[in-house]
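# Working through the structure, step by step
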Amino acid sequence: MIYKTSPEIGGMGHSVKRKEDLRFIQGKGNYVDDVNLPGMVYGQVVRSPYAHARINSINTEKAKAVPGVLAVITGEDLAKANLAWMPTLSYDKQMVLATGKVLFQSQEVAFVVAEDRYIAADAAELVEVDYEELPVLVDPNKALDSGAPLVREDREQKNNHIFHWEVGNREATEQVFQSAEVRASVKAFFPRCHPAPLETCGCVADFSRATGRLTVYLTSQAPHAHRTVLALVGGIPENNIRVISPDIGGGFGNKVPVYPGYVCAVVASLTLGVPVKWIETRSENLQSTGFARDYHMMAEIASDRDGRMKALRVKTLADHGAFNATAQPTKFPAGLFSICTGSYEYAQAFCEVDGVYTNKAPGGVAYRCSFRVTEAAYLIERVVDVLALELKMDPAELRLKNFIPEDKFPYKSSLGWTYDSGNYEGAMKLALDRIGYQELRKEQAEKRKKGELMGIGISSFTEIVGAGPSHDFDILGIKMFDSCEIRVHPTGKAMARMGTKSQGQGHETTYAQIVAQELGIPAGDVTIEEGDTDTAPYGLGTYASRSTPTSGAATAVAARKIRDKAKKIAAYLLECNENDLEWEPGKFFVKGAPSKSKTIQDIAFAAYTNFPPGMEPGLEAVDYYDPPNLTFPFGTYICVVDIDQGTGEVKVRRFLAVDDCGNIINPMIVEGQIHGGLTEGLAIAFMQQIDYDESGNVQGGSFMDYLLPTAVETPHWETDKTCTPCPHHPFGAKGVGESPNVGSPAAFVNAVVDALSHLGVKHIDMPITPWKVWKVLQEKGVAA
Amino acid sequence: MALKIEKTFEVPEPVEKVWAFLSDPRMVATCVPGAQITAQVDEKTYKGAIKVKVGPSITDYTGEVQIVRLDTENHEIEILGKGQDVRGRGSASMKMTGTLRALDNSGTEVRSVSEIGVVGILAQMGSRVITEVSNIMFGEFTKNFQARLKEPSDDPAAPATGADVKPIKATAVAWQATKGLFRGKSESGS
């Protein structure tokens, strides 16, 4: 149990109002596009209309002749400085500006710099590019065919294959399948979708010829890592680079990669010696920056007739687009996809993934997801439902029968992960009870008799987050620890800085609550600052639900270091032995004499004014936290839908999310995270897809075609929780940001399929649009 | 993006007169909104241009039109047109087969089957919009075709080249396309 501090202190478990919201709701946030520097000029990217074409020539003369245009940069220009290509986060390389040929529609071809944003946009229209169209590779299933168009001529390997990755025991799994009483399989496509953060990507690059320093205001989820990449790519000494991530309007993985526009702005600023601003339009964001998912998956479960699962095998084709720019820990080309065993026990499992190039935008970012965990959770929760259909067993009963039992944690999965803690049965039983599962099944049976369509979908997902332990996790070689530095000021107020970067998660509040919990300094007296690489300690940033598991842990550990020192100062002030002191958040007191005490504020003042002889003055600490394991949040989501037979429209009647993310810092923020993630999950399940036609034209490249859910589409979310603390985290937290996005798609799809299962429907791919459902209803002769 | 559009309409003119018109790309071009023939390359090949403006996006295609097949006996013509936007914003192609059939009332039935391919900015509008835009263009084409046939025949080259041709109207098209979406399911809607 976590000690509950007073509301005045506002430590863990208090729904402290978000400090950052005061400026956000007043429109006083400071985003990259709010940064305006004297003499600043503007960049505009010229993009390819073709998915695959040879560039015969680029004529920039007309654009350069426009008054106000300062420069037009092409790939050829960058090649002279050896900057036409840049490394991706997955040991591939990516064109900054195209040379030779373009590989996807909207690829960056030239960069126009002008005194004014409008002039830059107009001049970009005047850049004439002579293209020669090439055959286009759109379908990843054809990527490895002989005679398939070769996407990457620059590679030594002359095919479109990027990687093959497998884990588990293929032969042993095969054996189980051969003798299995029952097999159930599903082919499920997790469509290419896009995080579509409210704020698009952009930067202001400011190179000062006077100081030789480059300051980059960047929409970055990982400012420190980006500083290192800029140093490596640009050859600028890292001490001369300062990356500042100001307020960020949502990231969801989209702001992890380095984009060509950033590099172009930096090059332009280095060349012109003035600040250069580049901000994407919405369509540029959707069409060219990191997409997510695009996994063509197959899963098969072997079980006995009683529904005891025996083995799982998974085969996946991953469409990575034109460059392998997925943000992935080095050892894991398919991320943490091998969490696909989910919440269940099997004797054997085997999983293989092949990545291929196509003529599509690069990406494969972890959209509110800890590297392919969403794909994995969706797949397993889908195939379990198919098995339930096969067995004619209730999907809840089948799950309960196969859950990893509570007493088996820490549990080593057949694909190699050590699950930290869990009580899957507990979460599920609470969910079934709260939603009134048995009554809903009765209602469904009655409705079916009347010919009405109603479905109940369950998803009992397990997550794997908080990357990660240095023995397995690095990006470009940099280990995935994270950090915190706390300075307690003489008056007892504190400042803490982290290597992570909030994009709306509420770090300024939650980190302050951790300090409050550990030191008893009121959360309101603790200022949190992130995102400035000149001041914050090094860290790998915020994504993969890693802030609480890594920097949150570092914050607690740093605070404990301060507390250790504070104890020494308290003993000095109280003229007693350290061992005679007891702590309660906010003060040390003498055992048995609680009136003899020193508050943390008294101690802080003494740390600068009256510290023990020989002691180093001040009250500060820093911690770089290397987590011993990942964390495994989980939950059960239940969705109830009604389907209109006339229109195929799916109406979500109820949705209950029972989450277990271990100990909670701020219940209100956790609930907000769950609401947000469920809404994104709803959009993915029913509305969104970045699709391409056969010529490689983007068919989801604007908000006209890529739909965002509004209050109108969003149902009422019901939430509840169980609490199974993480055994290895300093305060037992697991992280929650992604759970709703990871767990919900399967619940939505399972509900729709459940409503139609008596008609012989086993699976429908997302996005489940009314048109798709209506077609199924027509086929089955049900459509009104 | 590939679309297939089939249209059939009637004109109150004898089949031979209609054939003389249909088999001459210079004449046909005068009926296509926003299009013009700029030069003749050889007996079967012409250079041409077409401006299409949808919303804020103007595409200005230039390219070639070629008569692939001319079956005078059966009154059937197959035309292949290919063009690139002058500023490299994309390309378009069209294969059109036109067939004439004499009607009992001494009029003629014109049947066209067009396969249209669009790559680039315009194609991003999606098939729902592009199909509607094409439908509207064909509607305009039919009207112009019928009107031009009624005119006394003159030098076919005169109206077809050199004229300052206006692009098809942006807002009107967008609005009609929107109405089209609600009118019913478009052929390739998905």
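Keep in mind that this is a model prediction, so the values were computed, not measured.

## So, the environment of A:Asp720
All names here are of chain A. By the element assignment, Asp720 lies in strand β33 (residues 718-721). Given 17 C-beta atoms within 10 Å, Asp720 falls into the partly exposed group. When the C-alpha atoms of Asp720 and Leu656 are compared, they prove to be 7.6 Å apart, with 64 residues separating the residues in sequence. Filtering out sequence-adjacent residues up to four positions away, Asp720 remains in contact with Leu430, Arg434, Leu656 and Val658.

## A look at the interface of chain B and chain A
A common way to state how big an interface is: give the accessible area lost once the parts meet. Counting from both sides, the interface comprises 15 residues of chain B and, opposite them, 17 residues of chain A. Here the element with the most residues in the side of chain B that touches chain A is strand β7 (residues 108-120) of chain B; it accounts for three residues. Among the residues making up the side of chain B that touches chain A, the classes are represented as five nonpolar, eight polar and two charged.

## Re the sheet that holds strand β29 (residues 593-599) of chain A
Residue and element names in this part refer to chain A. Within the open sheet, the three strands sit side by side as β27-β28-β29. Their pairing is antiparallel. The open sheet has two edge strands with one neighbour each: β27 (581-584) and β29. Ignoring strand direction, the axes of neighbouring strands in this sheet form an average angle of 35°. Relative to β29, strand β28 (residues 587-590) runs antiparallel, the two being bridged by four bridges.

## A closer look at the environment of A:Val112
All names here are of chain A. Within the secondary structure, Val112 sits in strand β7 (residues 108-114). Residue Val112 is classed as buried on the basis of its 29 C-beta neighbours within 10 Å. For the pair Val112 and Leu70, spaced 42 residues apart in the sequence, the C-alpha separation amounts to 7.8 Å. Among all residues touching Val112, those that are not within four sequence positions of it are Gly43, Gln44, Val46, Ala63, Val69, Val72, Ala120, Ala123, Ala124 and Val127.

## A short note on the domain arrangement of chain A
All names here are of chain A. Taken domain by domain, chain A holds domain 1 (21-28 + 482-625), domain 2 (32-134 + 200-248 + 255-288) and domain 3 (291-466 + 629-779). Each of domain 1 and domain 2 was reduced to a C-alpha centroid, and the two centroids are 40 Å apart. Domain 1 puts 13 residues into the contact, and the matching count from domain 2 is 15 residues. Taken together, the residues of the side of domain 1 that touches domain 2 sort by class into three nonpolar, seven polar and three charged.

## Quick look at the nonpolar core
Soluble globular proteins tend to pack their nonpolar side chains together in the buried interior. Residue and element names in this part refer to chain A. Among the nonpolar cores identified, the biggest contains 289 residues, and Leu97, Val112, Cys264 and Val515 are the most heavily contacted of them. Examining the composition of this core, we find that eleven residues originate from one element, helix α9 (residues 373-391), more than from any other. If near-sequence neighbours (up to four positions away) are discounted, Cys264 is found in contact with Gly43, Val45, Ile73, Val96, Leu97, Phe111 and Trp278.

## Quick notes on helix α6 (residues 223-234) of chain A
All names here are of chain A. Helix length check: α6, at twelve residues, gives a terminal C-alpha distance of 16 Å against a target of 16 Å (1.5 Å per residue), a fit within 8%. Where α6 is concerned, the buried positions are Pro223, His224, Ala225, His226, Arg227, Thr228, Val229 and Leu230. In the stretch just after α6, Gly235 is the one whose phi turns positive, near 70°.

## Brief notes about the pairing of strand β16 (residues 309-319) of chain A
Residues and elements named next belong to chain A. With nine of eleven residues buried, β16 lies mostly within the body of the structure. Here strand β15 (residues 291-303) runs beside β16; their pairing, made up of nine bridges, is antiparallel. Each bridged residue has a counterpart across the sheet, and for Ala299 the counterpart in β16 is Val314. The turn joining β15 and β16, which pair antiparallel and follow one another in sequence, is formed by five residues; a positive phi near 90° is taken by Gly307.

## A short note on helix α1 (residues 15-22) of chain B
Residue and element names in this part refer to chain B. Here α1 has its buried residues at Val18, Trp19, Phe21 and Leu22. The arc enclosing the buried residues of α1, seen along the axis, measures out at 160°, which places them on a common side. Lining the buried residues of α1 we find β1 (2-11), α2 (25-29), β5 (76-85), β6 (90-102), β7 and α3 (127-150).

## Observations regarding the sheet that holds strand β21 (residues 453-459) of chain A
Strands in a sheet are paired, the pairing made by backbone hydrogen bonds, and the direction either parallel or antiparallel. Residues and elements named next belong to chain A. Reading across from one edge, β21-β31-β32-β33 is the order of the four strands in this open sheet, with mixed pairing throughout. The sheet is open, and its two edges are formed by β21 and β33, each paired on a single side. The mean angle between the axes of side-by-side strands here comes to 10°, regardless of whether they run parallel or antiparallel. Where strand β32 (residues 650-660) and β33 come together, four bridges link them in parallel fashion. Bridged to Val658 within β33 is Asp720. Those strands touched by helix α16 (residues 667-686) are β32 and β33, and its axis lies near 140° from that of β32.

## Describing the packing of helix α13 (residues 507-519) of chain A against helix α14 (residues 547-574) of chain A
All names here are of chain A. At a closest axis distance of 9 Å, the pairing of α13 and α14 adopts a crossing angle of 35°. Note that α13 runs across α14; the crossing there is right-handed. Between α13, through His507, Tyr511, Ile514, Val515, Glu518 and Leu519, and α14, the contact on the second element is made entirely by Ser547, Gly552, Thr555, Ala556, Ala559, Arg560, Ile562 and Arg563. Residues belonging to the contact of α13 with α14 are distributed by class as follows: seven nonpolar, four polar and three charged.

## With respect to the packing of α9(A) against helix α10 (residues 395-402) of chain A
Residue and element names in this part refer to chain A. Between α9 and α10, the least distance of the axes is 9 Å, while the angle of their chain directions is 110°. Overall, the two elements α9 and α10 adopt an arrangement that is roughly perpendicular. α9 and α10 meet at a crossing whose hand is right-handed. Residues Val384, Asp385, Leu387, Ala388 and Leu391 of α9 lie in contact with α10, whose contacting residues are Pro395, Leu398 and Arg399. Broken down by class, the residue content of the contact of α9 with α10 amounts to six nonpolar, no polar and two charged.

What counts and what doesn't
- Residues numbered from 1 in each chain as written.
- Chains lettered and ligands numbered in written order.
- Predicted model: local features only at pLDDT ≥ 70, side-chain atom pairs only at ≥ 80, totals over all residues.
- Helix = DSSP H or I, 4+ residues; strand = E, 2+ residues; numbered from the N terminus.
- Buried ≥ 20, exposed ≤ 12 C-beta atoms within 10 Å, placed from the backbone.
- Contact = placed C-beta atoms within 7 Å.
- Nonpolar A, V, L, I, M, F, W, Y, C, P; charged D, E, K, R; others polar.
- Pairing = 2+ DSSP bridges.
- Axes fitted to C-alpha atoms, helices over the stretch in contact; angles between N-to-C directions.
- Domains from an automatic or database assignment.
- Core = buried A, V, L, I, M, F, W, Y, C linked by C-beta atoms within 7 Å.
- Expected span 1.5 Å × (residues − 1).
- Arc of directions from axis to C-beta.
- Left-handed = near helix turned anticlockwise from the far one by under 90°.
- Parallel < 35°, antiparallel > 145°, perpendicular 65-115°, else oblique.

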